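Listed below are the residues making up each chain.
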Amino acid sequence: MSKVALINPRGFGSISERGTHFGLGYLASVCRDVGHEVRVFAFDNMSSNEEATCYTTLSSWQPLVVGMTIHSFNLSSARKLATHLRRTVDHVFIVAGGIHASTCDERFLRDMEELFDAVCIGEGELTL
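Residues numbered from 1 in each chain as written. Predicted model: local features only at pLDDT ≥ 70, side-chain atom pairs only at ≥ 80, totals over all residues. Heavy atoms only, no water.

> Tell me what's going on with helix 3 (residues 75-88), and back it up with residues and numbers.
In a regular helix each residue adds 1.5 Å, so 14 residues correspond to 20 Å; helix 3 covers 20 Å between its end C-alpha atoms and thus fits that length. Considered for burial, the residues of helix 3 that qualify are Leu75, Ala78, Leu81, Ala82, His84 and Leu85. (Helix = DSSP H or I, 4+ residues; strand = E, 2+ residues; numbered from the N terminus. Expected span 1.5 Å × (residues − 1). Buried < 20%, exposed > 50% of the residue type's maximum accessible area, 1.4 Å probe, protein only.)

> I'd love a proper account of the packing of aromatic side chains, names of residues and values included.
Note on aromatic pairs: each is described by the distance of the centres and the angle between the planes. In the structure shown here, the tally under the stated rule is three aromatic pairs. Ring centres 6.4 Å apart and planes at 25° place the aromatic pair Phe41 and Phe43 in the stacked group. Looking at Phe43, the relative accessible area reads 2%, which means it is buried. Look at Phe43 and Tyr55: their rings are 5.8 Å apart centre to centre, the planes differ by 75°, and that puts the pair in the edge-to-face class. One end of the pair, Phe43, is in the loop between strand 2 (37-42) and helix 2 (48-61); the other, Tyr55, is in helix 2, and 12 residues separate them in sequence. Just as Phe43 is buried, Tyr55 falls in that class too. Through a chain of ring-to-ring contacts, three or more aromatic side chains come together here, namely Phe41, Phe43 and Tyr55. (Phe/Tyr/Trp six-rings, centres within 6.5 Å; stacked < 30°, edge-to-face > 60°.)

> Before we move on, can you summarise the nonpolar core with the specific residues and values?
Core analysis: the biggest nonpolar cluster contains 27 residues, and Ile7, Phe43, Met68, Ile70, Leu85, Phe108 and Phe116 have the highest contact counts within it. Those elements that place two or more of their residues in this core are strand 1 (3-8), helix 2, strand 3 (65-69), helix 3 and strand 4 (93-97). Looking at this core, the element that brings in the most residues is helix 3, giving five residues. Not counting chain neighbours up to four residues away, the residues in contact with Ile7 comprise Leu24, Phe41, Phe43, Leu58, Val66, Gly67, Met68, Thr69, Leu81 and Leu85. The next biggest cluster of nonpolar side chains, apart from the first, holds eight residues, and it includes Leu6, Leu27, Cys31 and Val38. (Core = buried A, V, L, I, M, F, W, Y, C linked by side-chain atoms within 4.5 Å. Contact = heavy atoms within 4.5 Å.)

The following block contains the structure:
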């Protein structure tokens, strides 16, 4: 059994949507069905204080795999979070999913090669 963290980074402006992220819920369900321990972090639903607490929680929990949904409007937050994870979580495998990472997969990995290990193109349930 592995620890899997699924994350929706904070976006900016009115584009960032609050509420339930169904895609991460589906992924969490798939992971739990095969025995993994899963935590979902929806940073777009958190206050600044809650966000700081979640950074600490992620570091101390030490997930083996982190899946992050990437949109153009949350790319900056995703980069910041991935940098934090690289510094604080041993041997973490970070996967980018979502529309931005999927449509710009080769360029995304080239530009973010030190932060992200893979890009999931399309629906992630089968890939994950």
